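Below are the chains, spelled out letter by letter.
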Amino acid sequence: MGTLLHDVRYGWRALRARPGFTLVAVVALALGIGANTAIFSVVYAVLLRPLSYPAPARLVWLWESNPGSGIKNEPTSIPNFRDWRSQNQSFEELTGWARTMVVLNGDGEPERLPGAAVVGNFFTTFGVPPILGRGFRGEENTPGQNRVVVLSHSFWQRHFGSDGNISGRTVTLNGNPHTIVGVMPAHFKHPDPGAVVPPDLWLPLAIDASADGRRGDFLRVVGRLKPGVSVEQANAEMARLTARLAVEYPGANAGWTTTAMSLHQRFTGDLQKPLLLIMSAVAFLLLIACANVANLLLARAATREREIAIRSALGARRGRLLRQLLTESTLLALTGGVVGLLLAVWGIDALLAFAPENLPRLDEAGLNYRVLGFAIGLSLMTGLIFGIVPALSATRVNLNASLKEGGRGSGDSRRGALLRDFVAVAEVAVALMLLVSAGLLIRSFLSLQQTDPGFTAERVVTTQVLLPRNKYPEGPQISSFYDQLLERLRALPGVEAAGAIDAIPLGGGGNVLAFSIEGRPAPPPEQVVDAEAYAVSPGYFATFGIPLTRGRDFSDRDGSGTPGVTIINETMASRYFPGEDPIGRRISLADGQTGPWLTIIGVVKDVKHIDLSAPPYPQMYGSYRQNPARILSLVARTRGPAAGSAPAIRELVKSLDRDLPLAKVTTMEEVLADSIARPRFNAFLISIFAGVGMLLAGVGIYGVISYGVTQRVHEIGVRLALGATRSDVLKLVLGKGLKLAIAGVVIGLILATIMGRFLSSLLFGVGERDALTFIGVSALIVVVALLACYLPARRATKVDPMVALRYE
């Protein structure tokens, strides 16, 4: 222990004696360790941390797919859920829920709240009881008996001031009184990775026992496996059960499959690749930083050869010298780790501020004992990585040569120079791989950003209105309200056009409905004919700038008492009516061929409703008067900036019904930007790390060339004395740097090609071996390397031959 303390004290003195070297090394290491720690805190929170439920490994998510129609990962219907629950042998509990929006009425302004309508055993399935009151009972899923509510912990604190006697109180939701029966604990997370905002409250789902619509898919299902049952066994049983239901109900269930996956995988499935990519990027950044420090230590080792030789001559064994040098590198790494930890605190806050809102569990990211342990372990490992090669090189000395008076020793030996060159080449290679990855993601993001969404977002503002059932019980009241609202909205100063739709493009929501075509035989059950279905108002397409290519738009005569009509998109027309005019053809949303029929009256351009990167899908639009929807999104095109119309729209809704809450008024440009938030976040982070990596690689090449010039002063003087020109010396030094850069580029291109395969699923509109990106990044790296070599090269041209020839 005494020897170790002596090594530590000696190491600190050695680092303090060279403050410039220490500062550069600590900054490089702090950048790498800080970035790794910040990203690890996110990776741990999102990917590695167990879900906050008892025995979370037994919780699985179930969903349906229909490969024949391209439908994937769909919720299920109430009838299918009932059969799953009654016929399975793998699950201890099976529960489900549906997203909903609730209006809280009280003494003040009405408030819209995100909620969830759940099956009675919802909380028992997750094994988390309320901290106050109780959960739901089975009979409370019956219509008329479901006027009870359980509050989230945050809503209870925010709205009721953490009142401990809240159970039994009554609140008015959607115009009806509901009894508060419980409050959930703060650590309970609603299991819905697709929801941007978690629910503030839970209501019992009103289940109609006579419901038989097996393709009314809205119920998200989670089950708790019985002890000893694996996810694979559950999958096998659900496959058999689904096959039986397909035989029993071929019209609805044929061709459908059911998948069970761990709930943890459901949360992290589409996040694993981008987060692991970012984690890999910061790991490579740390490697570049380690390479930089290793090069500094290699150069410093040459200046300490005489010291090492004297200590060896006095009896110090090589192992003792290695321990001393590794102690110094470890102290350097720990110092960098402390500074890096401070950077990580700032970095985590920055990540939380810039990250997309719908990144699940991101709010759990932060410093904890696991993250601190990671930072400490990373610092120690880093000290070993960058310290071992310089230490081995420094202790391999020629005592005879090093102890000679005036001897230059072996510091400029070929072995040491090759080591430094190798490290510089490795830096360039890794930096190029990072830059190519960043370039591909940036080009992919730009391609996604330039994709035509099918509508014009400029100067369009939108907000959502929810009509409560008790006040607007029937379709005529709903249609009448929206007719008045749209008429007044179009009359507002500054509004050019206005319309409404039940789910705005790229805003989430919408339904996929199967249909049949009049006069055609029903397709095989495994080949479902379907389309995205939306309810819109007259003027909606004009407001959004969606061109009508054939037929006509909806008009005031398309009301509840008139024959049903629909407008389809070009993809639906080409897929289901190839080579013919769809105008006048009729389709039915009911099973079979008996109607009721919807006549196709128009065809519009394709719109990217669900995902900007996905190919167009068949879409059908119905008149909101013929199929009234309680929740509609208003859209208005303004003459001036869209955001400026928000107050007028709010006042307009209040003038019609002051009890209606209004969702946030937002612009479609914001909606469009939010839809590509994740690709933008990925490209942004990778670009930052790649840029820092390129900077560190440039510094590394500068260090190698600069040290090489210092070691070759005598040689350069001889060349100049023998007639070499200054330009010859400049070419000599730049040529050395260019060789290192080209070697690094060649290796880096190989690494980038391998990385491109990993990136392929994250790219849109750009290939994994995009020539422009590869060539551009390679050229950039070479330019940066030449710039890094220029200053040492200029210094070499100013060597005085007379001074150099006397240089020892």
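Everything quoted here is computed from the prediction, not taken from an experiment.

## Details of the overall build of the chain
Step number 1: The number of helices and strands found in the chain is 24 helices and 23 strands.
Step number 2: Out of the 808 residues in the chain, the part that is buried amounts to 50%.
Step number 3: Here the analysis covers contacts within the chain between residues at least 6 apart in sequence; of these, 83% occur between residues at least 24 apart.

## Details of unusual backbone geometry
Glycine aside, residues mostly have negative phi angles, and peptide bonds mostly take the trans form.
Step number 1: Even without being glycine, Ala-55 reaches a positive phi, approximately 45°.
Step number 2: Mapped onto the secondary structure, Ala-55 falls in the loop between helix H2 (19–48) and strand S1 (59–66).
Step number 3: Notably, Arg-459 is not glycine yet its phi reads approximately 60°, a positive angle.
Step number 4: As for its position among the elements, Arg-459 is in the loop between helix H14 (414–449) and strand S12 (460–466).

## So, a nonpolar patch on the surface
Step number 1: On the surface, a cluster of nonpolar side chains totalling about 570 Å² of accessible area is made up of Leu-738, Ile-742, Val-746, Ile-747, Ile-750, Ile-754 and Leu-786.
Step number 2: Sorting elements by how many residues they give to the nonpolar patch places helix H22 (residues 726–759) first, with 6 residues.
Step number 3: Examined against the element boundaries, Leu-738 turns out to sit in helix H22.
Step number 4: Relative accessible area serves as the criterion here: at 31%, Leu-738 is assigned to the partly exposed category.

## Section: the packing of aromatic side chains
Step number 1: This model, assessed by the stated rule, comprises 26 aromatic pairs.
Step number 2: Between Tyr-53 and Phe-188 the ring centres are 6.0 Å apart and the planes differ by 65°, which places this aromatic pair in the edge-to-face class. Pair noted here: Tyr-53 is in the loop between H2 and S1 and Phe-188 is in the loop between strand S8 (176–183) and strand S9 (201–204), with a separation of 135 residues, a long-range link.
Step number 3: The class for Tyr-53 is buried, based on a relative accessible area of 6%.
Step number 4: Sitting above the plane of the Phe-758 ring, Lys-273 keeps its charged end 5.2 Å from the centroid.
Step number 5: Lying across the ring of Tyr-617, Arg-575 places its NZ or CZ 5.6 Å from the centre.

## Some thoughts on the pairing of strand S20 (residues 597–604)
Step number 1: With 7 of its 8 residues buried, S20 lies for the most part within the structure.
Step number 2: Strand direction decides the pairing type here: strand S17 (residues 548–551) and S20, joined by 3 bridges, are antiparallel. What sits directly across from Arg-550, in S20, is Val-603.
Step number 3: Sheet topology places strand S18 (residues 564–569) next to S20; 6 bridges connect them, and they run parallel. By the bridge assignment for S20, Gly-564 is matched with Leu-598.
Step number 4: As paired strands, strand S19 (residues 586–588) and S20 are joined by 3 bridges and run antiparallel to one another. The residue bridging Ser-588 from the neighbouring strand is Trp-597, located in S20.

## Here we look at a negative patch on the surface
Step number 1: A cluster of like negative charges, contributed by Glu-357, Glu-458, Glu-669, Glu-670 and Asp-674, occupies part of the molecular surface.
Step number 2: Within the secondary structure layout, Glu-670 lies in helix H19 (residues 668–675).

## Describing the side chain of Asn-88
Step number 1: Mapping Asn-88 onto the fold places it in the loop between helix H3 (78–87) and strand S3 (91–105).
Step number 2: Reaching out from Asn-88, the side chain makes a polar contact with the backbone oxygen of Arg-85 at a distance of 3.4 Å.
Step number 3: Among all residues touching Asn-88, those that are not within four sequence positions of it are Leu-94, Glu-237 and Leu-241.

## Regarding the confidence of the model for the chain
Step number 1: Residue-level pLDDT values for the chain average 83, and 88% of them are 70 or greater.
Step number 2: Counted against residues more than four places away or in other chains, residues 405–412, with its pLDDT under 50, gives 12 contacts.

## Regarding the environment of Ile-583
Step number 1: For Ile-583, the position within the fold is in the loop between helix H17 (570–576) and S19.
Step number 2: The spacing of Ile-583 and Val-603 is 20 residues in sequence and 7.8 Å in space, taken between C-alpha atoms.
Step number 3: If near-sequence neighbours (up to four positions away) are discounted, Ile-583 is found in contact with Arg-550, Gly-551, Ile-600, Ile-601, Gly-602 and Val-603.

## With respect to the nonpolar core
Within soluble globular proteins, side chains that are nonpolar generally end up buried alongside one another.
Step number 1: Ranked by size, the top nonpolar core spans 118 residues in total, and within it Ile-39, Leu-332, Phe-386, Phe-541, Tyr-621, Phe-689 and Ile-781 carry the most contacts.
Step number 2: By residue number, the principal contributor to this core is H2, which donates 16 residues.
Step number 3: Ignoring anything within four residues of it in the chain, the contact list for Phe-386 reads Leu-29, Cys-290, Val-293, Ala-294, Leu-297, Ser-329, Leu-332 and Ala-333.
Step number 4: If you look at the next biggest cluster of nonpolar residues, it comprises 27 residues, including Leu-467, Tyr-624, Leu-632 and Ala-636.

## Quick look at the layout of surface pockets
Step number 1: Size it by volume and the second largest pocket reaches roughly 660 Å³.
Step number 2: Of the residues contributing to the lining of the second largest pocket, the split by class is 18 nonpolar, 6 polar and 6 charged.

## Topic: the packing of H3 against helix H6 (residues 231–248)
Step number 1: Look at H3 against H6: their axes get within 11 Å of each other, and the N-to-C directions meet at 125°. What the angle tells us is that H3 and H6 run oblique. In this structure, H3 meets H6 at a crossing whose hand is right-handed. Note on element contacts: H6 touches H3 through Glu-237, Met-238, Leu-241, Arg-244 and Leu-245, opposite Asn-80, Asp-83, Trp-84 and Gln-87.
Step number 2: Taken together, the residues that form the contact of H3 with H6 break down as 4 nonpolar, 2 polar and 3 charged.

## Digging into the pattern of salt bridges
Step number 1: Here the structure, examined in full by the defined rule, presents 17 salt bridges.
Step number 2: In this structure, Arg-58 and Glu-92 form a salt bridge, with 3.0 Å as the shortest nitrogen-oxygen distance. Within this pair, whereas Arg-58 is found in the loop between H2 and S1, its partner Glu-92 is found in strand S3, the two being separated by 34 residues in sequence.
Step number 3: Arg-58 sits in the partly exposed class, given a relative accessible area of 23%.
Step number 4: You can call Glu-92 partly exposed: its relative accessible area is 43%.
Step number 5: Between Asp-200 and Arg-158 there is a salt bridge, and its shortest N-O distance comes to 3.2 Å. With Asp-200 in the loop between S8 and S9 and Arg-158 in helix H5 (residues 153–160), this pair connects stretches of sequence that are 42 residues apart.
Step number 6: Linked through salt bridges whose partners overlap, the residues forming this network are Asp-483, Asp-556 and Arg-625.

Reading the values: rules and limits
Residues numbered from 1 in each chain as written. Predicted model: local features only at pLDDT ≥ 70, side-chain atom pairs only at ≥ 80, totals over all residues. Heavy atoms only, no water. Helix = DSSP H or I, 4+ residues; strand = E, 2+ residues; numbered from the N terminus. Buried < 20%, exposed > 50% of the residue type's maximum accessible area, 1.4 Å probe, protein only. Contact = heavy atoms within 4.5 Å. Patch = residues over 30% accessible without salt bridge, like charges linked within 9 Å, V, L, I, M, F, W, Y side chains within 5 Å. Areas by Shrake-Rupley, 256 points an atom, 1.4 Å probe, with all protein chains shown as cover. Salt bridge = Lys/Arg side-chain N within 4 Å of Asp/Glu carboxyl O. Phe/Tyr/Trp six-rings, centres within 6.5 Å; stacked < 30°, edge-to-face > 60°. Lys NZ or Arg CZ within 6 Å of the ring centre and 35° of its normal. Pairing = 2+ DSSP bridges. Lys, Arg positive; Asp, Glu negative; His and termini not counted. Charge placed at Lys NZ, Arg CZ, Asp CG, Glu CD. Polar contact = N/O pair within 3.5 Å; in protein donor to acceptor, adjacent residues only side chain to side chain. pLDDT = per-residue confidence, 0-100. Core = buried A, V, L, I, M, F, W, Y, C linked by side-chain atoms within 4.5 Å. 1 Å grid on protein atoms, 1.4 Å probe; cavity = no way out; pocket = protein on both sides within 12 Å on 5 of 7 lines; lining within 4 Å. Points joined across faces, edges and corners; volume = space filled by probe spheres on them. Nonpolar A, V, L, I, M, F, W, Y, C, P; charged D, E, K, R; others polar. Axes fitted to C-alpha atoms, helices over the stretch in contact; angles between N-to-C directions. Parallel < 35°, antiparallel > 145°, perpendicular 65-115°, else oblique. Left-handed = near helix turned anticlockwise from the far one by under 90°.

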